[in-house]
Amino acid sequence: MKPNLSWDEQVALMVGRGLTVDDEAACARFLAVTNYYRFSGYARYFQKAPHLGDDNFRPATTLDEIRAVYDADAALRTALLRPLAHVELMLRSHVARVVADEHGAYGGYLKEGFYTDVGDREPTVESCLRDIDRSKDRHILRYRGSGPDHADYSRLPVWSAVEAWSFGTLSKAIERGAGGGLADAVATSIGIAKAGFAYRVRALVYLRNRCAHHSRLWHHSVLDAGPTPNNVRTKAKREAGQFEPRSVLDIIASLDDMASRGGVAEPLLPRLVAEHDRGSEFWLGLCKPQSPRDHADDTR
C-alpha cells in the first residue's frame with residue numbers, strides 16, 4: 001500500500017529522487033490542480049527504470065523539462081477537439097442523409113435487422129435507443145409519452161435521432177448499418193475512400209474520448225487504430241517525417257484527410273510540424289510511442 005502524501009510531501013518525494021525543482025511551492029500548487037498520479041505518467045519517462053522499481057530521475061532532469069512535455073500534450077488535446085467536433089458533425093449529417101435517402105427516414109434504422117451486430121456486444125439498436133431515451137431535447141421529448149414504456153420513436157426522423165446519439169453509437173451505426181453497406185455509402189457521400197472507413201471513424205472516437213478525459217497522448221500507442229490509407233499516410237510523412245502506424249500522429253493524418261475532403265476544418269498536422277522540433281522529446285513521443293520500460297537501457 002502506498003502512503004497518502006500531501007502535495008508538499010509529493011514534491012519532496014520527487015526532489016528526493018533527483019528531480020530539480022526551482023520553486024517547490026509552485027510545484028505543490030501545480031500538483032494540487034493536476035493530480036500527482038496523472039503527472040507521474042509523464043514523469044516515468046524521465047526516470048531510470050520505474051518498471052524495475054528504480055524511480056530515481058535521470059541525472060539533471062528538471063521539473064520544467066517534464067512540464068514542457070505535459071503542457072504540449074495538453075495543448076494538443078485542446079487543438080484536436082475542434083477538428084474532431086467538425087468531423088463528428090459532418091458524419092452525423094451524412095449518415096442521416098444516406099439513411100433517409102436509401103433506407104427511409106422513419107423506423108427502419110431502429111430495427112434490429114438493419115444492423116449486423118457482433119457476437120455478444122451490445123446490439124446497435126439498444127445503443128441507439130438508450131442514447132435517444134437519455135436525451136432531454138425537445139425534438140426528442142415530443143415523441144415520448146408519460147414514461148419510457150410509452151415512447152414511440154417510429155415517427156422520429158433519422159436526422160433528429162443522430163443528434164441524440166453519442167459519437168460511439170454513431171460509429172457503431174456506420175460500421176454495422178445496412179449489412180456493412182452504410183459505411184461505404186457514407187464514405188462515398190463525403191467523397192472519401194471506402195476501404196477501412198468505419199474503422200477510421202472508430203479511431204477518431206477513441207481519440208476524441210482520450211481528449212475529452214484529458215488522457216495522455218504522448219507516448220501512447222493506439223490499440224484500436226484505423227487503417228489510414230497509404231496515400232494519406234505517405235503524404236503526411238512527407239510533411240511530418242516518419243511515424244508509426246499506431247501513433248497518435250497516424251490518426252491525426254486520417255483526421256486531416258477526412259476534414260479536408262469534407263471541407264470542414266483546416267489540417268492540424270502542418271500546424272504541429274511548425275510548432276514542434278522533430279528532435280524534441282515531445283515530438284519523438286508522438287511519432288514513436290514507447291513504454292517507460294523501453295527507455296531503461298538509455299537511462300542507466
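The residue count restarts for each chain, going from 1 along the sequence in the order it is written. Totals for whole chains, interfaces and linings use all residues, but because this is a predicted model, local features are given only for residues with pLDDT of at least 70 and pairs of side-chain atoms are given and counted only at 80 or more. Only hydrogens and water are removed before side-chain values are computed, so all heavy atoms of the structure are retained for them.

### Some details on the side chain of threonine 61
Counting from the N terminus, the helices are the DSSP runs of H or I reaching at least four residues and the strands are the DSSP runs of E reaching at least two. For threonine 61, the position within the fold is in the loop between β2 (54-57) and α4 (63-103). A residue is classified by how much of its surface remains accessible, and threonine 61, at 2% relative accessible area, is buried. In what follows, residue pairs with any heavy atoms lying within 4.5 Å of each other are defined as contacts. The residues touching threonine 61, leaving out its near neighbours within four places in the chain, are Gly18, Leu19, Thr20, Phe46 and Ile66. When a residue's accessible area, from a 1.4 Å probe over protein chains only, is under 20% of the maximum for its type it is buried; when over 50% it is exposed; and in between it is partly exposed.

### Section: the packing of helix α2 (residues 24-34) against helix α3 (residues 36-43)
For every element, the axis is a line fit to its C-alpha atoms; helices are fit only across the contacting stretch, and the angle between N-to-C directions ranges from 0 to 180 degrees. At a minimum axis distance of 7 Å, the contact between α2 and α3 shows a crossing angle of 110°. Relative to α3, the element α2 lies roughly perpendicular. Taken together, the residues of α3 that come into contact with α2 (itself represented by Phe30, Leu31 and Thr34) are Tyr36, Arg38 and Phe39. The residue makeup of the contact of α2 with α3, split by class, is 4 nonpolar, 1 polar and 1 charged. The labels follow the angle: roughly parallel below 35 degrees, roughly antiparallel above 145, roughly perpendicular from 65 to 115, and oblique for the rest. Each residue receives one of three labels: charged for Asp, Glu, Lys and Arg, nonpolar for Ala, Val, Leu, Ile, Met, Phe, Trp, Tyr, Cys and Pro, and polar for the others, Gly being one of them.

### Observations concerning the environment of tyrosine 70
Relative to the elements of secondary structure, tyrosine 70 occurs in helix α4. For tyrosine 70, a relative accessible area of 10% gives the class buried. The spacing of tyrosine 70 and serine 171 is 101 residues in sequence and 30 Å in space, taken between C-alpha atoms. Beyond its immediate stretch of four places on either side in the chain, tyrosine 70 contacts Phe30, Thr34, Arg38, Phe39 and Tyr42.

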